[in-house]
Amino acid sequence: MASLKELKIRIGSVKSTQKITKAKQMVAAAKLRKAQAAAEAARPYSSRLEAVVASLASKIAGGTGEGASPLLAGTGKDEVHLLVVANSDRGLAGAFNANIVKAALAKARALELDGKKVQFYLIGRKGRPVINRAYPGKIVAQFDTTGAKQPGYDQAQAIGQELSKMFLDGKFDIAHLFYSRFKSALAQIPTEQQIIPVKIPADADRNAIPATVEYEPSEEAILDDLLPRNISIQLFKALLENNASEQGASMTAMDNATRNAGDLINKLTIQYNRSRQAAITTELVEIISGAEAL
């Protein structure tokens, strides 16, 4: 059994940990409001841009006609798949990073079963150790986000340009983006999205506005400008969703840690009081026994 001194030191240590987790919970809660607002504000624009691109693409012979951008038509092959995994640079966020990596690894295994080649492009550093153990040598690039306090469009644009260059250089055929979509502080949903080439929904024509529209310049010229921007916007949306999800997961994890620390402090305090009472009782028995012996 631990001594009174050891129990007292352990209670003090747990109380210090509880103060840290409580502080981190409050910081995450303060950041969550701003991050959630940014993620929710980005959704309508990214969704509408996707719809505009799909509508324009459907007018160019289904997006695969002559003159269509490679970012839309693809390479004509389905052999090499690049999995773009967006993680954070910090821990203490529960299963936030693990769930994204788990979804990406499940997709990688499914692709390999179909005879496809898999490569990884990482955003953030938390997922690297797990992916590197599961697929050594398959990480072809990593975008460093350690210097950024908040996700910015400049980051998304730089990632989009690098991915587009890799695609045009023939390093992969299809790119899938993995991130965590924010639902609430208690729920973050791992999400997969194909970003290169742009996936055209089967009902793109039916969802288009029923009107005769003349484009100036041509649909091809507009798409050449919109496609790289769409990739950047979808990446920016993913970074914002990830940021909100991370803060929500961190707040929940730190709240659970604070509660667990409180429960542990109560148990240790009871154990300390019992040990102290037992020690006092033993001393009294010894004193009474000594007095009777005299």
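Before reading further, recall that the structure is shown in the block above.
Please read these numbers as outputs of a predicted model, since none were measured by experiment.

1. Looking at the environment of Leu223
And then number 1: Of note, Leu223 is situated in helix H7 (residues 219–293).
And then number 2: With 67 residues separating them along the chain, Leu223 and Ala156 place their C-alpha atoms 19 Å apart.
And then number 3: Discounting residues that sit within four places of it in the chain, Leu223 has contacts with Val53, Leu56, Ala57, Ile60, Leu72 and Pro228.

2. Considerations on a nonpolar patch on the surface
And then number 1: On the surface, Ile280, Leu284, Ile287 and Ile288 cluster together into a nonpolar patch covering about 380 Å² of accessible area.
And then number 2: Mapping Ile288 onto the fold places it in helix H7.

3. Some details on the side chain of Asn87
And then number 1: As for its placement among the helices and strands, Asn87 is situated in the loop between strand S1 (80–86) and helix H3 (96–113).
And then number 2: Residue classification places Asn87 among the buried residues on the basis of a relative accessible area of 8%.
And then number 3: Of note is the side chain of Asn87, whose polar atom sits 3.2 Å from the side chain of Asn97.
And then number 4: Non-local contacts of Asn87, meaning those with residues more than four positions away in its chain, are made with Asn97, Ile100, Val101, Ile123, Gly124, Lys126, Gly127 and Asn242.

4. Re unusual backbone geometry
And then number 1: Here the amide bond leading from Ile196 into Pro197 is cis, since omega sits at -15°, within 30 degrees of zero.
And then number 2: Its place among the elements puts Pro197 in the loop between strand S5 (188–196) and helix H6 (204–207).
And then number 3: You will see that Leu92, though not glycine, has its phi angle at about 55°, which is positive.
And then number 4: Structurally, the position occupied by Leu92 is in the loop between S1 and H3.

5. Notes on H3
And then number 1: Given a rise of 1.5 Å per residue, 18 residues ought to cover 26 Å, and the 27 Å separating the end C-alpha atoms of H3 matches this to within 8%.
And then number 2: Residues of H3 that are buried include every one of Phe96, Asn97, Ile100, Val101, Ala104, Leu105, Ala108 and Leu111, and no others. Burial along H3 is one-sided: seen end-on, the buried residues are contained in an arc of 155°. Opposite its buried face, H3 presents the exposed residues Lys102 and Leu113, each directed more than 90 degrees away.
And then number 3: Positive phi shows up at Gly115, right after H3, with a value of about 85°.

6. Focus on the nonpolar core
And then number 1: Tyr121, Leu163, Ile196 and Leu235 are the most contacted members of the largest nonpolar core, which has 35 residues in total.
And then number 2: Ranked by size, the runner-up nonpolar core spans 18 residues in total, among them Val101, Phe120, Leu122 and Phe178.

7. Structural notes on the packing of aromatic side chains
And then number 1: Tallying each qualifying case throughout the model produces 3 aromatic pairs.
And then number 2: Ring centres of Tyr153 and Phe236 lie 5.8 Å apart, and the angle between their planes is 85°; this geometry places the pair in the edge-to-face category. Remark: Phe236 occurs in helix H7 and Tyr153 occurs in helix H5 (residues 153–168); sequence separation between them is 83 residues.
And then number 3: Residue classification places Tyr153 among the partly exposed residues on the basis of a relative accessible area of 28%.

8. Structural notes on the pattern of salt bridges
And then number 1: Tallying each qualifying case throughout the model produces 7 salt bridges.
And then number 2: Taking the shortest distance from any N to any O, the salt bridge between Arg259 and Asp255 comes out at 3.0 Å. In this pair, Arg259 and Asp255 are both assigned in helix H7, 4 residues apart and thus about one turn of the helix distant.
And then number 3: Arg259 sits in the exposed class, given a relative accessible area of 54%.
And then number 4: Given the relative accessible area of 22%, Asp255 is considered partly exposed.

Reading the values: rules and limits
Residues numbered from 1 in each chain as written. Predicted model: local features only at pLDDT ≥ 70, side-chain atom pairs only at ≥ 80, totals over all residues. Heavy atoms only, no water. Helix = DSSP H or I, 4+ residues; strand = E, 2+ residues; numbered from the N terminus. Contact = heavy atoms within 4.5 Å. Patch = residues over 30% accessible without salt bridge, like charges linked within 9 Å, V, L, I, M, F, W, Y side chains within 5 Å. Areas by Shrake-Rupley, 256 points an atom, 1.4 Å probe, with all protein chains shown as cover. Salt bridge = Lys/Arg side-chain N within 4 Å of Asp/Glu carboxyl O. Buried < 20%, exposed > 50% of the residue type's maximum accessible area, 1.4 Å probe, protein only. Polar contact = N/O pair within 3.5 Å; in protein donor to acceptor, adjacent residues only side chain to side chain. Expected span 1.5 Å × (residues − 1). Arc of directions from axis to C-beta. Core = buried A, V, L, I, M, F, W, Y, C linked by side-chain atoms within 4.5 Å. Phe/Tyr/Trp six-rings, centres within 6.5 Å; stacked < 30°, edge-to-face > 60°.

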